[in-house]
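# Per-entry structural report
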Amino acid sequence: MTTDPSDEMPAEVTERLVGQVDPRAILTTAVPRHDAGLVETLLGIPDMASAVADALDELGVGNVLGTSELAPLGAGMRVCGPAVTLRYVAVPGEPAVHRATGAKVLVGDRDLYGVASAGDVAVVDCGEVRTAAVMGELSARWALKAGVAGCIVDGAVRDSASIIGTGLPVWSRSCIPLAARHRVQAVALNDVVNVAGVSVRPGDYVVGDSDGLCIVPFDRFPQVVEMCLRGQEAERHLLTALDHSLDLPDLVRRIRSTTIAD
């Protein structure tokens, strides 16, 4: 006897799903997450993505994406949280033909938000689909209702002004008014996805601000947070010296005396 994959999901997950995605395509709902306090700590650090990028660079792990690849929709957007993922592929044929035959719309954003927990970051791999939007205002509002902290879309979005108005942080490759209905098909939830050439696994931590995005491997996230705190303390000392020095020679003397004392 074949078991329905939906029977194995926790009830609190199934009641959040609308049935967009075949249950067999939902690889897991057990996404690993660290204590939420680590996220709050990192969100309290100015220039958060730069601090994380420095830590990843020193450790030789993770990945960093600039705004030329994926850019925030609005100024001041910031996000930090574990990834839940969705992968799309292109639907062959003409959308008009699919509509005329009554074909099902095969998007999966609502179920992506359904498998998310509060504070998760929704990461969407659009495959090679770049000319149609997989997210708009309604999707953004659904994400907020689900408690999603932000969305990363390696593809296009639309309704950008309205999305910004919701307050949901969103990064995307581009904006376009055309919707992706009958142009994409959701083939996997919570599988490894590819975003701008970088692999993202469910549970990896996504950190983003105006400078770009960092992908932190799950098991390295606590270490990265600790390194960012140490870096912030060192920077605080330097900023104090900058603020209180009378001129450049005075600044150099202050830095030298601090270095010697340390």
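See the structure shown above.
Residues numbered from 1 in each chain as written. Predicted model: local features only at pLDDT ≥ 70, side-chain atom pairs only at ≥ 80, totals over all residues. Heavy atoms only, no water.

### Let's talk about helix α6 (residues 137-146)
Here is the rule we go by: Residue burial is assigned from relative accessible area. The probe radius is 1.4 Å, only protein chains are included, and a residue is buried under 20% of its type maximum, exposed over 50%, and partly exposed in between. Only runs of H or I of at least four residues qualify as helices and only runs of E of at least two qualify as strands under DSSP, and these elements are numbered from the N terminus. Directions from the helix axis toward the C-beta atoms define the arc. By the convention used here, residues are in contact when the closest approach between their heavy atoms is within 4.5 Å.
Within α6, burial applies to Ser139, Ala140, Ala143 and Ala146. The arc that holds the buried residues of α6, viewed along the axis, is 120°, so those residues lie on one side. For α6, the exposed residues set more than 90 degrees away from the buried face come down to Leu138 and Lys145. Close packing links the buried residues of α6 with α5 (109-115), β5 (150-157) and α7 (160-166).

### Notes on the pairing of strand β10 (residues 205-209)
When a strand is regular, its side chains alternate between the sheet's two faces. This is how the line gets drawn: What makes two strands pair is DSSP finding at least two bridges between them.
With five of its five residues buried, β10 lies for the most part within the structure. Covered by surrounding structure in β10 are Tyr205, Val207 and Asp209 together with Val206 and Gly208, the residues of both alternating faces. Relative to β10, strand β3 (residues 79-90) runs antiparallel, the two sharing four bridges. Across the sheet, the residue bridging to glycine 81 is valine 206, located in β10. For β10 and strand β11 (residues 212-216), the ladder comprises five bridges, and the chain directions are antiparallel. The residue bridging glycine 208 from the neighbouring strand is leucine 213, located in β11.

### With respect to the environment of aspartate 125
The topology assignment puts aspartate 125 in strand β4 (residues 121-125). By relative accessible area, which is 7% here, aspartate 125 ends up buried. Placed 61 residues apart in sequence, aspartate 125 and alanine 186 show a C-alpha to C-alpha distance of 9.7 Å. Ignoring any residue separated from it by four or fewer positions in sequence, one finds aspartate 125 in contact with Leu86, Arg87, Tyr88, Val193 and Asn194.

### Let's talk about the nonpolar core
Worth spelling out the cut-off: We call a set of buried Ala, Val, Leu, Ile, Met, Phe, Trp, Tyr and Cys residues a nonpolar core when their side-chain atoms join them within 4.5 Å.
Core analysis: the largest hydrophobic core is formed by 53 residues, its most contacted members being Tyr88, Tyr113, Val123, Met135, Cys151 and Ile152. If you tally residues by element for this core, the top one is β3, at five residues.

### Comments concerning the packing of aromatic side chains
Put simply, the test is: Only rings of Phe, Tyr and Trp enter the pairing, Trp through its six-membered ring, and a pair is recorded when the two centres are within 6.5 Å. The plane angle decides the type: under 30 degrees is stacked, over 60 is edge-to-face, the rest tilted.
A full pass over the atoms with the stated rule returns two aromatic pairs. Measuring from ring centre to ring centre gives 3.9 Å for tyrosine 205 and phenylalanine 221, while their planes differ by 10°; the resulting arrangement is stacked. Taken together, the residues tyrosine 205 in strand β10 and phenylalanine 221 in helix α8 (residues 221-244) connect sequence positions 16 residues apart. Take tyrosine 205 and phenylalanine 221: they sit in the same class, and that class is buried. Cluster of aromatic residues (ring-pair linked, three or more members): Tyr205, Phe218 and Phe221.

The values reported here are purely geometric and, on their own, carry no functional implication.
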